[in-house]
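Chain by chain, the residues:
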Amino acid sequence: PHILKSDGGIKMFKQVIVKKPSSSYVNGLTTSDLGKPDYEKVLVQHDNYIQALKKCGVEVEYLLESDEFPDSTFVEDTAVLTPEFAVISNPGAETRNKEIIEMESVIKKYYDDIRYIKAPGTLDGGDVLQIDDHFYIGISERTNEEGAEQLKRILESADYKATIVPLKEFFHLKTGIAYLGNNQIIVAGEFVDHPDFDHYEKIIVTKEDEYSANCIRVNDYVIIPKGYEETKRKLNEAGYQIIELEMSEFQKQDGGLSCLSLRF
Ligand code: CIR
């Protein structure tokens, strides 16, 4: 009932919020051993990301960098946006938590109805996946049970469905799953055989290509990271129009395509 769908069987996005990476980005949080990001390349890859979103037909709100928040380009973690209301998250990483202060003031321009995840609940937006009227909420290193329960209650009070999914291996829920539209998902690792996602049609990503499960469907396109030929082939065969983006400098900081924008 909530969702305006395009012919592609997916919610249409009109607006995105992105945030320029600061030079402090290279000192942000990461568990990867891929080396330090090259800041010049970070900026180029971020610009290309914005161009790709524009090609998908969305308006882009571009926030300037914040030196004091190295990970703040990963705006997705600060909020969960529905057509009716916004939920400001309570990011689970100490160094990131106050990223929500700026984001709240930005989101107020677009939403009158704003809800909040409150301590002791923590929640990162990267742990929240919307599939039509159903939200999946991961419990991770960043999102705790209390945070997940708070979001579930908020969503259910607005007649959405919500399912909590404790993660075994992935960093965030959306690290390993994305919604493509028309009841179809793309999955990797622990989500391939996960009972909660059994009733969707699946595109399965190989272990080597795991990083490419974090892709984004934006209006008529699916944006995927460059260099994952097998995933690209499968999406092509399924009939999607693809945009490929080099993501190396974001992968180094455990970030992916979904993390870099709030889409609504
Ligand atoms: C962090 O550790 O918080 C950042 N370096 C990466 C956040 C990626 N966000 C996401 O997966 N939603």
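These remarks concern the structure in this document. Keep in mind that this is a model prediction, so the values were computed, not measured. (Residues numbered from 1 in each chain as written. Predicted model: local features only at pLDDT ≥ 70, side-chain atom pairs only at ≥ 80, totals over all residues. Heavy atoms only, no water.)

**Brief notes about the site of the ligand**
Neighbouring the ligand are 14 residues, the closest being Leu-29, Arg-96, Arg-142, His-172 and Gln-253. A distance of 3.2 Å is found between a nitrogen atom of the ligand and a side-chain nitrogen or oxygen belonging to Glu-76. Here the residues of the shell around the ligand are counted per class, giving 4 nonpolar, 4 polar and 6 charged. (Near = heavy atom within 4 Å. Polar contact = N/O pair within 3.5 Å; in protein donor to acceptor, adjacent residues only side chain to side chain. Nonpolar A, V, L, I, M, F, W, Y, C, P; charged D, E, K, R; others polar.)

**Observations regarding the pairing of strand β2 (residues 59-63)**
Here 5 bridges tie strand β1 (residues 15-19) to β2, and the two strands are oriented parallel to one another. Residue pairing in the sheet places Gln-15 in a bridge with Glu-59 of β2. For the segment spanning β1, helix α1 (residues 39-55) and β2, crossover handedness is right-handed. (Pairing = 2+ DSSP bridges. Helix = DSSP H or I, 4+ residues; strand = E, 2+ residues; numbered from the N terminus. Right-handed = clockwise from strand over helix to strand, strands pointing away.)

**Quick notes on the packing of aromatic side chains**
With the rule as written, the count across this model stands at 11 aromatic pairs. A centroid spacing of 6.3 Å and a plane angle of 80 degrees characterise the contact between Phe-74 and Phe-250, whose relative ring orientation is edge-to-face. Separated by 176 residues along the polypeptide, Phe-74 in the loop between β2 and β3 (79-81) and Phe-250 in helix α5 (residues 248-251) bring together distant segments of the chain. The same class applies to Phe-74 and to Phe-250, which are both buried. With centroids separated by 5.5 Å and ring planes inclined at 80 degrees, the aromatic side chains of Phe-191 and Phe-197 adopt a geometry described as edge-to-face. Assessed through its relative accessible area of 0%, Phe-191 is described here as buried. Each member of the aromatic cluster is reached from another via a ring pair, and the members are Tyr-136, Phe-170, Phe-191, Phe-197 and Tyr-200. Lying over the aromatic face of Phe-85, Arg-115 brings its terminal NZ or CZ to 4.4 Å of the ring centre. (Phe/Tyr/Trp six-rings, centres within 6.5 Å; stacked < 30°, edge-to-face > 60°. Buried < 20%, exposed > 50% of the residue type's maximum accessible area, 1.4 Å probe, protein only. Lys NZ or Arg CZ within 6 Å of the ring centre and 35° of its normal.)

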